[in-house]
Amino acid sequence: MEGGVARRMTSGPGYAIFPRFSPDGTQIAFTAQYDGNTEVYLMPAEGGAPKRLTYTATLGRDDLSDRMGPNNLVMAWKNNAPEIVFRSRMRSFNDFVGQLYSVATTGDLPKQLPVPSGGFMSFSPDDSKMAYNRIFREFRTWKQYRGGMADDIWIFDFKTGRPGKYHE
């Protein structure tokens, strides 16, 4: 097996979770609890000071031990734009419903992706489509469940603006 030297990248108080490399490998986006709240951060892949990208209100259910998991979880990078997608409950009326947002690496205001709810997701190579789950189950004990409530994969086409359920 090939590999390099492992080294610690973060040392702030609180958790640093859900790291994702940028498409070019030069940056890492992650979720952390540095300032008491769970937010999206960005740092160089070689190390350095993290930059906070989101500023959201504290939620009542924003703890790692909660079955809903923390808020503002980094999910992916867009392939062709300096944007990070994260799952948040910042505007949700219900702790069980999370939406997908994107935030630019410059730290502009987050924009909601055009789907009503979402969890894990990824983009096609040209960013024209997104595969996603409507229900997020990152911290559920029943995520291997295969019954009638099992999560489906949906495809959203950004060119047509239409979602569709994935069929084999």
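Conventions we followed
- Residues take numbers from 1 onward in each chain, read along the sequence in its written order.
- Owing to the predicted nature of the model, reporting of local features is limited to residues with pLDDT of at least 70; listing and counting of side-chain atom pairs is limited to 80 or more, with chain, interface and lining totals taken over all residues.
- Working from all heavy atoms in the structure, the side-chain values ignore hydrogens and water.
- By convention a nonpolar core is built from buried Ala, Val, Leu, Ile, Met, Phe, Trp, Tyr and Cys residues, the set being connected through side-chain atoms within 4.5 Å.
- Note on classification: 1.4 Å probe, protein chains only; a residue is buried when its accessible area is under 20% of the maximum for its type, exposed when over 50%, partly exposed between these limits.
- Numbering of helices and strands runs from the N terminus; a helix is a DSSP stretch of H or I covering at least four residues, while a strand is a stretch of E covering at least two.
- Whether two residues are in contact is decided by their heavy atoms: any pair within 4.5 Å suffices.

Undergrad: Could you clarify how one ought to interpret the nonpolar core in this entry?
TA: Looking at soluble globular proteins, one finds that nonpolar side chains tend to be buried together. In this structure, Leu100, Met121, Met130 and Tyr132 are the most contacted members of the largest nonpolar core, which totals 15 residues. Of all elements in the fold, only strand S1 (16-21), strand S5 (73-77), strand S9 (121-123), strand S10 (129-132) and strand S11 (154-157) reach the threshold of two or more residues within this core. Broken down by element, this core gets its largest block of residues, three residues, from S5. Once residues within four sequence positions are removed from consideration, Met121 is found in contact with Met75, Ala76, Val85, Leu100, Met130, Ala131 and Tyr132. In terms of nonpolar packing, the next biggest core, distinct from the first, is built from 10 residues, Leu42, Trp77, Ile84 and Tyr101 among them.

Undergrad: Got a minute to help me understand the environment of Lys129 in this structure?
TA: On the secondary structure map, Lys129 appears in strand S10. In this structure the C-alpha to C-alpha distance between Lys129 and Ile155, which are 26 residues apart in sequence, comes to 6.6 Å. When sequence neighbours within four positions are dropped, the list of residues in contact with Lys129 reads Ser122, Phe123, Ser124, Ile155, Phe156, Asp157 and Phe158.

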